[in-house]
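Structural features, examined
Here's the letter readout for the chains.
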Amino acid sequence: MDFPSRNAETGFQHLCESVFVRLCQIMGTSVQVAIRRETKDIREMVERQVAENDDVIVIMSGSMGEGFRLESSDLDIMNWLNDHRVIWDMCQSEYYYTENKTLILLDSSESPPGFTLLELLTPTTDREVQSACVPMNDRLYISSSLYRQQTQTNMLPGSTEHGPCESGEVLGRIEYDIAQCFACDFWPPSASSWINRCHSWPEREVVDDRIRNGCHFVPIGNPLGLHEHEEWRISFSVAEHKLVHTMNHCQFLTYGLLKIFLKEVIKDKQSEETNNLLCSYDMKTAVFWVIQQNNVSLWCPKNLLVGFWVCFKLLLKWVYKGVCPNFFIPQNNLFMTKINGSAQRSLFLQLHGLYEKGLACLLQSPSIRSYITDVLYNPRLSICTDEDRMKSECEYDVDLFNEIARNVSQEPQNLDHCIKYLQALELMIGLPLTQYQVLMLQKITATILQSTAFTLHNMYTNTGLNKQMYIADRMTSHMLKLAAKFGCISDMMYIALHYFKILRYRDALSITEIIKVKLTQPGLMYKRCVDPERYIEAVGGQSWSTKMRQAVTFDFMLNKSVCFINELTAEQQSALQNNFSLRIPLFVVLHFVEFLCYRHIDTTSAQTALEELQDLIYHDQGLYVPEHHRDISWEILGICQQMTGNLQAALFSYQKSLTQYPWNRIHTASQMRIQNLHTTDMVE
């Protein structure tokens, strides 16, 4: 690529800075990336603290867990049984109490590097593991292919098997991969060379932390192995996450640029023969090797494209040789089964053609092109790489509160579980947390207090023990008011709901009136819907805690194990069967509770509330009733219509609910309500 002859070096630096600015727009500044990671880390930390021995541990892996929020970013999830552990050597069994842990022994004697067999050492009570066991050489092994079949959850309609994962799409645009795996608390001996290579990166503290946390095994074998259908692949996903988190922002953006380059340039030009030979994991592997081998002297905005080009040349070399060494187990060639023969030659020629163009090959990327040409045509263009000036206060707040909403999913199952959550939260108060993590912890606390309050109230309802009910009501009210102080506007709705449950309808309506006033204020933030100027006028410069309480609202979440609204029992049961929880737009639940309260004190106002609800659901363009919550919104409208005796309108609403994307998994309840309406018609 040609640069202005008067100062080629300055021109190149300007080009790098321009691309840096563009990548910050696409992938976020270092602050935005930190927000995404740190809020997720707190959620996972809390869940780990309260995990029972027989629980399933769930973590977010993949690009979203690494901090990306690209349109193409997959939602990758890893699950494993907390009471099953893999060991490398029999002597490691002494670290476990086998009465509550099932031990699995690794056997890699006949497997290619990076793969292994898993022998069941001690009995298991898990049916899926039992069903996946196969006898081999007088021993019992867990078959990876059978385990995949047994654990397929069919999370959403259209899910399919993809490698070791169950894959599908949410709302036709968000791809997800769910991997059911096994955990090992020990670092694999076959990856010991990685420890010895870590001289400058990552730091020793990070290396030691990764060694202490072991690895995982995902259910996929090597097609060239002797036992493809029984073998498991060693996964370092959690370690890779931490390594990506240790990258500086330029290194992270370089990784992101490689992902964009793969999608928009390499894959866009691939023939049918070479289609999908390279993947995002290959890009990540290249970045890891380049950083560790110190092939780039300085990772900074002025040098951004140097790092990209070094990684691209390494990738080209790997394709030429047909060898891409796994970062942790180099003997495991990631290209072994996919890049060889004529496809390898075709792919190399394609990549070499891009290499010959030099950095001009980036002009083929629609996402980057204009930021390159702007500099080429205007070498004196002023470029600001100061991240603090790239995003406004409001933009950062939108990211922070949306990440908090994404990670608030704690659902204690009973009072003991609630107490365990509260104890875990109390212990975390003294930890050295970042400002984002403190706010995340604050919102989780509000959520746990709400579940605890309604769990306690439900325990003493209809017991006939008036004194206990009075005490429970006092405690419930106190916890809900405390939660509202910790949380956001939508958290006040739980107070109104409690008043409704104890028949204090006017008190409930007084709360809904306060909420309605707050929801009409010009600076309100709901998801990504906000007027930046009005928002800053209202709460600019104030603490995040104040902003969340005064100007932010989330969707209304119902813990699947707790009864919040009797009128939604059928829907909660339907969602519970699919291990889902109900999430309702706040504006919908507000009109719903008003309708339920007014039915007891003012039928005219009840009709008004119903009409407002109907108008919202019929005419909202996805602003306050998001597409993925329209199933429960139509369902609630139908319930209200049925309660007023308008059965035809209710039938229409239930049928509309069934035609929506089944996000809340309430189709069983909708079908039951439709059937009941038909039965009512027959009786009449």
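Reference entry: report on the structure contained in this document. Because the structure is a prediction, the values reported are computed rather than measured. (Residues numbered from 1 in each chain as written. Predicted model: local features only at pLDDT ≥ 70, side-chain atom pairs only at ≥ 80, totals over all residues. Heavy atoms only, no water.)

1. Here we look at the overall build of the protein chain
The criterion, for reference: Strands here are runs of E lasting at least two residues and helices are runs of H or I lasting at least four, both read from the DSSP assignment and numbered beginning at the N terminus. A simple rule labels every residue: compare its accessible area, found with a 1.4 Å probe on the protein chains alone, to the largest value its type can have, and call it buried under 20%, exposed over 50%, or partly exposed in between. In this analysis, two residues are considered to be in contact whenever any of their non-hydrogen atoms come within 4.5 Å of each other. The method behind every accessible area is Shrake-Rupley, applied with a 1.4 Å probe, and residues are considered shielded solely by the protein chains displayed. In summary, the charge assignment counts Lys and Arg as positive and Asp and Glu as negative, without counting His or the chain termini. Just so you know, the charge point we use is NZ for Lys, CZ for Arg, CG for Asp and CD for Glu.
Broken down by element type, the protein chain carries 27 helices and 15 strands. Burial analysis of the protein chain (684 residues in total) assigns 56% to the buried set. Across the protein chain, every contact between residues at least 6 apart in sequence was considered, and the portion connecting residues at least 24 apart equals 69%. When the accessible area of the protein chain is evaluated, it comes to approximately 30000 Å², of which 50% is carbon and sulfur surface. In the protein chain, which carries 60 positive and 77 negative side-chain charges, the distance between the mean positions of the two groups comes to 4 Å.

2. Comments concerning a nonpolar patch on the surface
Counted only if it meets this: Each patch is built from salt-bridge-free residues with over 30% relative accessible area, joining like charges within 9 Å and nonpolar side chains (Val, Leu, Ile, Met, Phe, Trp, Tyr) within 5 Å. Note on definitions: salt bridges are taken to be side-chain nitrogens of Lys or Arg within 4 Å of carboxyl oxygens of Asp or Glu.
Together, Tyr470, Ile471 and Met475 make up a nonpolar patch on the protein surface, roughly 310 Å² of accessible area in all. Among the secondary structure elements, Tyr470 is positioned in helix α17 (residues 466–486).

3. Looking at the environment of Phe580
Relative to the elements of secondary structure, Phe580 occurs in the loop between α22 (569–577) and β15 (582–584). Counting along the chain gives 22 residues from Phe580 to Leu558, while the straight-line C-alpha distance between them is 9.9 Å.

4. Comments concerning empty space enclosed by the protein
For clarity, the threshold we go by: Residues are said to line a cavity or pocket when one of their atoms sits within 4 Å of a point; the points come from a 1 Å grid over protein atoms alone, cavities being sets where a 1.4 Å probe fits but cannot get out and pockets being open sets with protein on both sides within 12 Å along at least five of seven lines. Grid points are joined across faces, edges and corners, and a volume is the space filled by probe spheres set on the points.
Under the counting rule described, the total for this entry stands at two cavities of 30 Å³ or more. Approximately 80 Å³ is the volume attributed to the largest cavity. Lining the largest cavity, in full, are Arg148, Thr151, Gln152, Glu161, Pro164, Cys165, Glu166, Ile178, Gln180 and Pro219. Looking at the lining of the largest cavity, the elements with two or more residues in it are α5 (144–151), β8 (165–170) and β9 (174–184).

5. Thoughts on the pattern of salt bridges
Counted under the stated rule, the structure contains 27 salt bridges. With a closest N to O distance of 2.6 Å, Lys284 and Glu66 form a salt bridge. Taken together, the residues Lys284 in helix α10 (residues 280–292) and Glu66 in helix α3 (residues 62–66) connect sequence positions 218 residues apart. Residue Glu119 is joined to Arg139 by a salt bridge in which the shortest nitrogen-to-oxygen separation is 3.7 Å. With a gap of 20 residues between them, Glu119 in strand β4 (residues 115–120) and Arg139 in strand β6 (residues 139–142) connect regions that are remote in the sequence. Each of Lys40, Asp41, Arg43 and Glu44 takes part in one network of salt bridges that share partners.

6. A closer look at the side chain of Asn303
Stated precisely, the cut-off is as follows: Two N or O atoms form a polar contact when they lie within 3.5 Å of each other; inside protein one atom must be a possible hydrogen donor and the other a possible acceptor, and for residues adjacent in sequence the pair counts only when both atoms belong to side chains.
Structurally, Asn303 is set in the loop between α10 and α11 (304–321). Among the polar contacts made by the side chain of Asn303, one reaches the main-chain carbonyl oxygen of Leu298 at a distance of 2.8 Å. Not counting chain neighbours up to four residues away, the residues in contact with Asn303 comprise Cys16, Val296 and Leu298.

7. Looking at the pairing of strand β3 (residues 102–107)
Quick note on the threshold: A pair of strands counts as paired when DSSP detects no fewer than two bridges linking them.
Most of β3 sits inside the fold, with six of its six residues counted as buried. Judged by which residues are buried, β3 turns out to be covered on both faces: Thr102, Ile104 and Leu106 on one side and Leu103, Leu105 and Asp107 on the other are all buried. With four bridges joining them, strand β2 (residues 75–87) and β3 adopt parallel strand pairing. The residue bridging His84 from the neighbouring strand is Thr102, located in β3. Inspection of the sheet shows β3 paired to β4 by four bridges, in the antiparallel sense. Across the sheet, Leu106 pairs through a bridge with Leu118, a residue of β4.

8. Regarding helix α25 (residues 630–643)
Threshold: Multiplying 1.5 Å by the residue count of a helix minus one yields the expected span of that helix.
In this model α25 runs 20 Å from its N-terminal to its C-terminal C-alpha over 14 residues, within 8% of the 20 Å that 1.5 Å per residue would give. In terms of burial, α25 is a largely internal element, 12 of the 14 residues being buried. Among all positions of α25, only Arg630, Asp631, Ile632, Ser633, Trp634, Glu635, Ile636, Leu637, Gly638, Ile639, Cys640 and Gln641 are buried. Of the residues trailing α25, Gly645 is marked for its positive phi of about 90°.

9. Remarks on the nonpolar core
Note the cut-off: Among buried residues, the Ala, Val, Leu, Ile, Met, Phe, Trp, Tyr and Cys ones that are joined through side-chain atoms within 4.5 Å form a nonpolar core.
The biggest cluster of nonpolar side chains holds 100 residues, and the ones touching the most others in it are Phe182, Phe217, Leu278 and Phe328. In terms of residues, this core owes the most to one element, α11, which gives 12 residues. Discounting residues that sit within four places of it in the chain, Phe328 has contacts with Trp187, Ser190, Ala191, Ser193, Trp194, Phe236, Ala239, Glu240 and Leu243. In terms of nonpolar packing, the next biggest core, distinct from the first, is built from 69 residues, Leu456, Met492, Tyr499 and Ile617 among them.

10. Some details on the packing of aromatic side chains
Selection rule: Planes of paired rings set the category: under 30 degrees apart is stacked, over 60 is edge-to-face and the rest tilted, where pairs are Phe, Tyr or Trp rings (Trp by its six-membered ring) whose centres lie within 6.5 Å.
By the definition in use, this model includes 36 aromatic pairs. Ring geometry for Phe288 against Phe327: centres 5.1 Å apart, planes inclined by 40°, an arrangement best described as tilted. Taken together, the residues Phe288 in helix α10 and Phe327 in the loop between α11 and α12 (341–356) connect sequence positions 39 residues apart. By the burial criterion, Phe288 is buried, and Phe327 matches it. With centroids separated by 6.0 Å and ring planes inclined at 80°, the aromatic side chains of Trp634 and Phe652 adopt a geometry described as edge-to-face. Separated by 18 residues along the polypeptide, Trp634 in helix α25 and Phe652 in helix α26 (residues 647–659) bring together distant segments of the chain. Overall, Trp634 belongs to the buried group, its relative accessible area being 4%.

11. Here we look at the environment of Val438
For Val438, the position within the fold is in helix α16 (residues 435–460). Separated by 159 residues in the primary sequence, Val438 and Cys597 have C-alpha atoms spaced 36 Å apart.

12. As for the pairing of strand β10 (residues 215–218)
Covered by surrounding structure in β10 are Cys215 and Phe217 together with His216 and Val218, the residues of both alternating faces. With three bridges joining them, β9 and β10 adopt antiparallel strand pairing. By the bridge assignment for β10, Phe182 is matched with Phe217. Relative to strand β11 (residues 232–235), β10 is paired through three bridges, and the arrangement is antiparallel. The residue bridging Phe217 from the neighbouring strand is Ile234, located in β11.

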